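Letter by letter, the chains look like this.
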Amino acid sequence: MKIKDLLERSGVQSLSGGCGEEEITALTYDSRKAQTGSLFFCLRGARSNGEDFAPVAYAQGCRCFVSEGTLDVPEDADVVRVSDARQALAQISAAFFGFPQRDVTIIGVTGTKGKTTVAETACSVMNRMGLACGVIGSNGAAYAGKHVGTSNTTPESYELMRLFRAMRDEGVRYVVMEVSSQALARHRVDGITFDTAVFTNLSPDHIGTEEHPDYAHYRDSKKRLFAQCRHGIFNADDPEAAYMMAGSPCEKSTYAIHRPADLRAERVNILKAGDLFGMEFTAAGTTYHIRMPGEYNVYNALAVVALVGRYTDRTCELAEALSYVTVPGRFEVLPDVMPGCTVVLDFAHNSISMNALLQTARSYDPARIIAVFGTGGRTRVRRHQLGEAVAKGADLAIITTDDPDRDDPAEVIADIATCFGPGSCPHVGIVDRREAVRYALEQLCPGDMLLLCGKGREGYQLVQGTKRRRSAPAPVSCWSPAHRPCDRDKEGFLQDKKRRCGIAAPPLFIVPVTLSAWRPTGCTWPDSRPAPPHPCRW
């Protein structure tokens, strides 16, 4: 398609340029991927300006550009000047892929917490019920038995349209996607009419120089979603629900546990059966069982019931489908790690989600809670809030690396460690996350629960602006309990740990802790798992 035809079809208003006869065969905003036939979008970011990379794209054969400013390229380049390059990318991407968003029913989920669980669960339930569905979010994109990795919770508009086109071509009828505040603020979902949008909850997050300048901007970015949807579903128990609904032109319905709502959970109970942790509740006369623990997951399940209920009236089938669903990296119990112990993989990475996770874990009466966690690339306030939550809620804290980005991991760990004062649980700091997990596993005794927090199933660490790939559960899956501290002298174990890890040498940084202060005396290892403390009601 010629550049002038693409502009006309997309509705982009060009301030200048765009009259050439160049045939466009690809769109890109990465100069490394530019080539002959590419249309290069010069996007302005928090740390770099795409306009600076236009000469690189030109050198690789690209002759067509979309930019807000002037470019340092030869005169034979066709530069389309626009008022907003990101908005133009959304409009032109839709036209380039044939407006695929019009051929599928798109469902958006926004909020500070719960987006991934609601989106993944809704997609799984709909597929189990025969409603061909795809999902896009923190865990990537999945549809028709395929999985595609994504770089953001909500990908750039070009990737979104490419995914919509691929899903449509595979026969997908519904797409459930997480919609982040950054995506709404940066025009990634422009041009998409959401059939249904869900609001889970809201609390201060993603506020800083490279994200939202303040809470009001963050909140208002979220609210934009309900100006481009037909029907909004809101968590009525959240303090910000009224603000999110006010002035939004969509139809509205609500769900809640504690306040009156269109869909309200009652008779909420904890479930425990072997390695399965979950909840039971009744809503609109139907009893639901979910394999995800905690009150916060009852909220997530209510959102799914309200959402899926818009597309089917088979309530009993919905309840059955919901009872089978688990979400990777969200209170995911890793099987067969250690007899008598529970190892949980979770995404908790701020004080709100960490408090909820610790409270949920405590409700199952473990002997001890050991938490592996960390944070980086965030404000000191957020670090300290996270540290304080773990200091109060865990029995042993192991502070480690979690997306340090441009921060020094050892300095971040030392900063978090200042939150552990008198009355706090013992803490250990280990920079190398793999070694931190290994250390945590070595501390386990019967009845303990180990929480691996922060990364969930994310397969990377963000270091110096680059995502370095890793295998999320590898330290657990490759670990062998041949040498447990429970079976050995405490001081001997500590000395052996010092020799193996090298406390003073990178990549390890260990804050000393007296093991005798917290390790149970005479800890023995059972040959089989003890009976669960709660009767099986699964």
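For the structure itself, look to the data block above.
These numbers come from a predicted model, not from an experiment.

Reading the values: rules and limits
Residues numbered from 1 in each chain as written. Predicted model: local features only at pLDDT ≥ 70, side-chain atom pairs only at ≥ 80, totals over all residues. Heavy atoms only, no water. Helix = DSSP H or I, 4+ residues; strand = E, 2+ residues; numbered from the N terminus. Contact = heavy atoms within 4.5 Å. Areas by Shrake-Rupley, 256 points an atom, 1.4 Å probe, with all protein chains shown as cover. Pairing = 2+ DSSP bridges. Axes fitted to C-alpha atoms, helices over the stretch in contact; angles between N-to-C directions. Buried < 20%, exposed > 50% of the residue type's maximum accessible area, 1.4 Å probe, protein only. Lys, Arg positive; Asp, Glu negative; His and termini not counted. Salt bridge = Lys/Arg side-chain N within 4 Å of Asp/Glu carboxyl O. Parallel < 35°, antiparallel > 145°, perpendicular 65-115°, else oblique. Nonpolar A, V, L, I, M, F, W, Y, C, P; charged D, E, K, R; others polar.

This part takes up the overall build of the chain. The secondary structure content of the chain amounts to 16 helices and 23 strands. In the chain, once contacts between residues fewer than 6 apart in sequence are set aside, the share between residues at least 24 apart is 67%. For the chain, the accessible surface area stands at approximately 22100 Å², while carbon and sulfur atoms represent 49% of it.

This part is about the sheet that holds strand S5 (residues 105-110). One open sheet accounts for 11 strands, arranged S8-S7-S6-S9-S5-S10-S11-S12-S13-S14-S15; its pairing is mixed. Both outer strands of the open sheet, strand S8 (146-148) and strand S15 (286-290), are each paired with one neighbouring strand and no more. For this sheet the average axis-to-axis angle between neighbouring strands, irrespective of direction, equals 20°.

The next point concerns the sheet that holds strand S2 (residues 38-41). Reading across the sheet, the 4 strands line up as S1-S2-S3-S4 and stay open at both edges, with parallel pairing between neighbours. Each edge of the sheet is formed by a strand with only one pairing partner; in this case those strands are strand S1 (26-28) and strand S4 (78-81). Across the sheet, the axes of successive neighbouring strands diverge by a mean angle of 20°, strand direction being ignored. Note that strand S3 (residues 64-67) and S4 share 4 bridges and pair parallel. Opposite Val66, over in S4, you have Val80 as the bridge partner. The strands that helix H1 (residues 3-10) touches are S1, S2 and S4; relative to S4, the one it contacts most, it runs at about 15°. Relative to the sheet, helix H3 (residues 85-96) contacts S1, S2 and S3, its axis offset from that of S2 by approximately 150°.

By secondary structure assignment, the location of Lys223 is in helix H7 (residues 215-223). This buried residue, Lys223, is left without a salt bridge; Asp220 holds the nearest opposite charge, at 6.1 Å. Setting aside chain neighbours within four positions, we find Lys223 in contact with Tyr243, Met244, Ala246 and Ser248.

Bringing the packing of H1 against H3 into the picture now. Relative orientation of the contacting elements H1 and H3 amounts to 105°, with a least axis distance of 8 Å. One element, H1, and the other, H3, form an angle in the roughly perpendicular class. Listed contacts from H3 to Leu6, Leu7, Arg9 and Ser10 of H1 are Gln91, Ile92, Ala95 and Phe96. Here the residues of the contact of H1 with H3 sort into 5 nonpolar, 2 polar and 1 charged.

Let us look at unusual backbone geometry. Although it is not a glycine, Ala144 sits at a positive phi angle of roughly 45°. In this fold, Ala144 is placed in the loop between strand S7 (140-143) and S8. Despite not being glycine, His187 has its phi angle at roughly 65°, a positive value. Residue placement: His187 occurs in the loop between helix H6 (181-185) and strand S10 (194-199).

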